[in-house]
Amino acid sequence: MCGVFGAFAKNGQSVLEDVYLGLYALQHRGQESAGVAWINSRGTMHSLKGTGLVHLALNQQQLASIDTNCAIGHVRYSTAGGSELTNAQPLTATSSRGSVAIAHNGNLTNAEGIKNYLENRGAIFQSRTDTEAILHLMAHQPHKPRLDAFVDSLRRLIGAYSLAVILDSRLVAARDPWGNRPLILGERDNIIYVSSESCALDLVGASIIREVEPGEVIVIDEKGLHSIRIPKDVKKGFACSFEYVYFARPDSIFNGKTVYEVRKALGRKLAERAPCPDADLVTGMPDSGTIAAMGYAEVSGLPYEKAVVRNRYVGRTFIEPTQRVRDLGVRIKLNPIMNMIKDKKVVIVDDSIVRGTTCQRMIAMIKDYGAKEVHVRISSPPVRFPCYYGIDTPTREELAAARMNIKQLEIQVGADSLAYITEEDLIDAIGLPARDVCTACFTGNYMEGDHTDEMEL
Ligand code: AMP
Ligand code: SF4
């Protein structure tokens, strides 16, 4: 999973500090590296990238002092390619025909096929990211105007891409025809922004214009916004339902609804689907299950308590993974409040079970602290299939709900009961038509034409 942000000032105002701030607000979408690219008034492309969190990877003061009216940025959580700096984005390329920089959120499922095809014709790839395939596809069409070559390259892609691009001196936003990853446009005074999530628009003081539509390319320059369609028909949409469940920030707005509202609705559905009438209290796994737990409490009439505390300073870079630390596991991050749960029947809500480790360790801790019963409620359907579109999930064999049925998993994690919502509940809570939503990690229904590694250019 990654986050992208871009800004273009029509009056020449400098925008790089805004891009830095945008990335800061999108930090939850990727912590492995951060980078920015910008074009100066002479048309020269520049970029800066670093590993780790935004404030460590980039120097805010340095960026604030750079004069550019067109810039993009990226935060990375490695899915395709490794976490090394060569795979950090934005990717940039300069040729006699001009410069291009690309920041990409999502995974292409036919990137290998494109790569094989182009390598057989002499292309040399510099990174292991699937994003580089887009640059090479453009370079493969030197006879076309560059914007046409870009749109034509997108037509050949399968999978997920929400892009912020600098093409010559324009900012370009593009979203795959399936609408898998979010992408939204905003404005403040003379500046147009593109962002993975609206929470970053809030930070820079921009108001929402609208979302980039699935299959739309928007070119932003001094004249304003110009919309182009990617010429590709798809049978159904694939807006990622897991963005609502776990990934996006609760203050972000998709399709006119905050993610917070959807998470609370998921919790309400969960309470209807899997009540626990004689429990004493409901709590949420912080922070991922907190909002759904509030929805659960609202419908069930049970008191909601913040009975598990999260150390908000936990970050992977800050603590050495010694054996002692590995043994402590989830205890480093989360701690139940003993007085609140002792001798109680506790409902604990989380958004998902992936490998099952967090859940198992939390139940053991809650029981250790004297709870009478622990009932686990999950505000999404069981995760049974890997994601190929940019969310880092383990292989099928490692997914707890793929290896076991719910009863077996209940025993494995040590819960007194375990229950999930259904796919229909999930789609209802999101409020989009089922034909527009991706539920592949729950159902195995992937996009058409997936996992191909052959291609015709
Ligand atoms: P696990 O311990 O593997 O079962 O992980 C479950 C926890 O990880 C839940 O509390 C989720 O909130 C969180 N989670 C779910 N999906 C992801 C993901 N793709 N990356 C990181 N954490 C996740
Ligand atoms: Fe999102 Fe799951 Fe679809 Fe991946 S498979 S895009 S995580 S809904």
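These lines cover the structure that appears in this document, whether it is placed above or below. (Residues numbered from 1 in each chain as written. Chains lettered and ligands numbered in written order. Predicted model: local features only at pLDDT ≥ 70, side-chain atom pairs only at ≥ 80, totals over all residues. Heavy atoms only, no water.)

Brief notes about the side chain of Gln 89
Counted only if it meets this: In this description a helix means any DSSP run of H or I spanning at least four residues, a strand means any run of E spanning at least two, and both kinds are numbered starting from the N terminus. Classification of residues uses two cut-offs on accessible area relative to the type maximum, computed with a 1.4 Å probe and protein chains only: under 20% is buried, over 50% is exposed, and between them is partly exposed. In protein, a polar contact requires one atom able to donate a hydrogen and another able to accept it; more generally it is a pair of N or O atoms within 3.5 Å, and residues adjacent in sequence count only if both atoms are side-chain atoms.
Within the secondary structure, Gln 89 is located in the loop between strand 4 (70–76) and strand 5 (91–95). Judged by relative accessible area, Gln 89 falls into the buried class, the value being 2%. Polar side-chain contacts of Gln 89 include one of 2.8 Å to the backbone nitrogen of His 104. Of the polar contacts made by the side chain of Gln 89, one reaches the side chain of Thr 131; its length is 2.8 Å.

A word on the packing of helix 9 (residues 259–273) against helix 10 (residues 290–300)
Helix-helix packing is described using two parameters, namely the angle between the two axes and the distance between the axes. Under the convention used in this document: Angles shown run from 0 to 180 degrees and are taken between the N-to-C directions of axes, each axis being a line fitted to C-alpha atoms and, for helices, limited to the stretch in contact. For classification purposes, an angle smaller than 35 degrees is called roughly parallel, one larger than 145 roughly antiparallel, one from 65 to 115 roughly perpendicular, and anything else oblique. Crossings are classed by handedness, with left-handed meaning an anticlockwise turn of the near helix from the far one by less than a right angle and right-handed meaning a clockwise turn. Contacts between residues were defined by any pair of non-hydrogen atoms, one from each residue, lying within 4.5 Å. Residues are grouped as follows: nonpolar covers Ala, Val, Leu, Ile, Met, Phe, Trp, Tyr, Cys and Pro; charged covers Asp, Glu, Lys and Arg; every other residue, Gly included, is treated as polar.
Taken N-terminus to C-terminus, the directions of helix 9 and helix 10 make an angle of 45°; their axes are 6 Å apart at the nearest point. Between helix 9 and helix 10, the interaxial angle falls into the category oblique. The element helix 9 and its partner helix 10 pack so that their crossing is right-handed. Here Tyr 260, Arg 263, Lys 264, Gly 267, Arg 268, Leu 270, Ala 271 and Glu 272 of helix 9 lie close against helix 10, whose contacting residues are Ile 291, Ala 292, Met 294, Gly 295, Tyr 296, Glu 298, Val 299 and Ser 300. For the contact of helix 9 with helix 10, the per-class residue count stands at 8 nonpolar, 3 polar and 5 charged.

Some remarks on the sheet that holds strand 17 (residues 281–284)
Basically, it comes down to this: Strand pairing requires that DSSP identify at least two bridges connecting the strands.
Taking strand neighbours across the sheet as the criterion, the 4 strands line up as 17-20-21-22 in an open arrangement whose pairing is parallel. Two strands bound the open sheet, and with one partner strand each, they are strand 17 and strand 22 (417–420). Pairwise comparison of adjacent strand axes, ignoring direction, gives a mean angle of 20° for this sheet. Here helix 9 sits on the sheet and contacts strand 20 (345–350), strand 21 (373–378) and strand 22; the angle it forms with strand 22, its principal contact strand, is near 125°. Helix 10 rests against strand 17, strand 20 and strand 21 of the sheet, and its axis sits at about 160° to strand 17.

Section: the nonpolar core
Basically, it comes down to this: The definition of a nonpolar core used throughout is a set of buried Ala, Val, Leu, Ile, Met, Phe, Trp, Tyr and Cys residues joined through side-chain atoms within 4.5 Å. How far each domain reaches was decided by an automatic or database domain assignment.
Membership of the largest hydrophobic core comes to 46 residues, with the highest contact counts inside it found for Phe 242, Val 282, Tyr 296, Val 347 and Val 349. Put simply, the parts of the chain that give this core at least two residues each are strand 14 (239–240), helix 8 (241–247), helix 9, helix 10, strand 20, helix 16 (423–430), strand 23 (437–438) and helix 17 (440–443). When residues of this core are assigned to their parent elements, the largest contribution, 6 residues, is made by helix 9. Mapped onto the domain boundaries, this core takes at least three residues apiece from domain 1 (3–234) and domain 2 (258–432). The residues touching Tyr 296, leaving out its near neighbours within four places in the chain, are Gly 267, Arg 268, Leu 270, Ala 271, Ala 274, Pro 275, Cys 276, Val 282, Leu 302, Val 347, Val 349 and Arg 377.

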